[in-house]
There are 2 protein chains.
Amino acid sequence: MDMPASSGVSAQCRKIGKVLAIVGDKWTVMIVRVLVQRPHRFNELKRTIGGISQQMLTRTLKALERDGMVNRTVHPTVPPQVEYALTSLGQSLAVPVHALGVWAGEHLAEIEQNRARYDDDRNV
Amino acid sequence: MDMPASSGVSAQCRKIGKVLAIVGDKWTVMIVRVLVQRPHRFNELKRTIGGISQQMLTRTLKALERDGMVNRTVHPTVPPQVEYALTSLGQSLAVPVHALGVWAGEHLAEIEQNRARYDDDRNV
DNA sequence: CTGAATCCTCGAGGATACTG
DNA sequence: CAGTATCCTCGAGGATTCAG
């Protein structure tokens with residue numbers, strides 16, 4: 001918000017930057033990828049993901065809800081049941097994210113080889 | 001590296017996580033998107049991107065070089081000229097990243113509307 | 001069970017000065 | 001011009017406790 005963004009390149013980069021601000025954090029993608037299969041309840045989500053604190057799960061879900069990516073449905077039972085499901089917007093995001101996942105599967109090994117080689121060349 | 005990753009979901013998520021660790025930082029995507037057009041020199045890159053410190057540019061470029069995403073070519077002239085160019089690996093990454101950019105262009109406005117509405121509903 | 005509130009750590013990212 | 005080195009800030013993320 002501080003640059004003139006004179007060229008179209010910058011403008012497009014800002015947009016990507018904003019999306020990465022959503023998607024680039026540690027947990028958003030994992031949550032989306034779990035929810036894209038079927039709706040989940042809070043602790044179910046927590047167990048499925050594994051390694052996330054309830055704090056961060058709450059925060060990330062709230063952020064996703066604010067962005068209109070997930071719907072939060074409270075069933076007024078006892079004990080309370082809260083179900084999280086992807087909206088159509090959230091599902092549409094899952095598409096390019098999945099593309100990234102495919103790319104990861106295809107090239108991650110190569111990247112790690114590159115790293116190892118790079119580190120070798122420097123350490124010997 | 002601490003979870004059994006019993007299901008394939010987790011395994012795939014780890015991979016995406018690693019890619020996001022590369023792509024998810026503040027500058028990598030912008031650099032890739034600039035370099036995908038044509039190779040750039042250091043300060044040229046710095047000016048084109050705008051708002052990045054030389055420190056972070058150096059760090060990010062070095063990380064990208066380590067991952068085999070960019071080639072660093074030193075022309076032994078005076079003053080020194082260093083040219084950075086995407087490798088084929090880097091160019092292949094630009095594809096899903098661009099897909100994310102397209103998604104951003106299509107849905108960012110909607111997201112920001114969702115946010116505004118969400119915040120309104122809470123503040124009134 | 002689903003959160004909200006609090007406290008703490010750690011590293012990404014920035015600013016600045018110096019070097020070859 | 002193209003870095004390297006140093007210091008600093010700030011917030012993401014985790015751990016724990018309390019509440020409805």
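Source: prediction; values computed, not measured.

1. Quick word on the sheet that holds strand S1 (residues 40-41) of chain A
Residues and elements named next belong to chain A. A sheet is described by the order of its strands in space; here three strands give the open sequence S1-S3-S2, paired in antiparallel fashion. Every interior strand has two partners, whereas the edge strands, S1 and strand S2 (70-75), have only one. Pairing analysis gives six bridges linking S2 to strand S3 (residues 81-86), with the strands arranged antiparallel. Within S3, the residue paired with Thr73 across the bridge is Glu83. Contacts between helix H2 (residues 28-35) and the sheet are confined to S1, S2 and S3, with S3 contributing the most and set at about 95 degrees to the helix.

2. A short note on the packing of helix H3 (residues 42-49) of chain A against helix H4 (residues 54-66) of chain A
Residues and elements named next belong to chain A. Viewed as axis vectors pointing N to C, H3 and H4 meet at an angle of 115 degrees, and their least axial separation amounts to 11 Å. By the angle between their directions, the pair H3 and H4 is classed as roughly perpendicular. Pair H3 / H4 crosses with right-handed handedness. Between H3 and H4, the residues in contact are Phe42, Leu45 and Lys46 and Gln54, Leu57, Thr58 and Leu61, respectively. Among the residues making up the contact of H3 with H4, the classes are represented as four nonpolar, two polar and one charged.

3. A short note on the relation of the copies chain B and chain A
The operation linking the two copies of the chain is a rotation about an axis combined with a translation along the axis. For these two chains of identical sequence, chain B goes onto chain A by a turn of 180 degrees and a shift of 0.0 Å along the axis, with RMSD 0.0 Å. Both copies are brought into coincidence by an operation consistent with a two-fold rotation axis. For chain B, the residue whose C-alpha comes nearest the rotation axis is Gly24 of chain B, separated from it by 2.3 Å.

What counts, and at which threshold
- Residues numbered from 1 in each chain as written.
- Chains lettered and ligands numbered in written order.
- Predicted model: local features only at pLDDT ≥ 70, side-chain atom pairs only at ≥ 80, totals over all residues.
- Heavy atoms only, no water.
- Pairing = 2+ DSSP bridges.
- Helix = DSSP H or I, 4+ residues; strand = E, 2+ residues; numbered from the N terminus.
- Contact = heavy atoms within 4.5 Å.
- Axes fitted to C-alpha atoms, helices over the stretch in contact; angles between N-to-C directions.
- Parallel < 35°, antiparallel > 145°, perpendicular 65-115°, else oblique.
- Left-handed = near helix turned anticlockwise from the far one by under 90°.
- Nonpolar A, V, L, I, M, F, W, Y, C, P; charged D, E, K, R; others polar.
- Least-squares fit on C-alpha atoms with pLDDT ≥ 70 in both.

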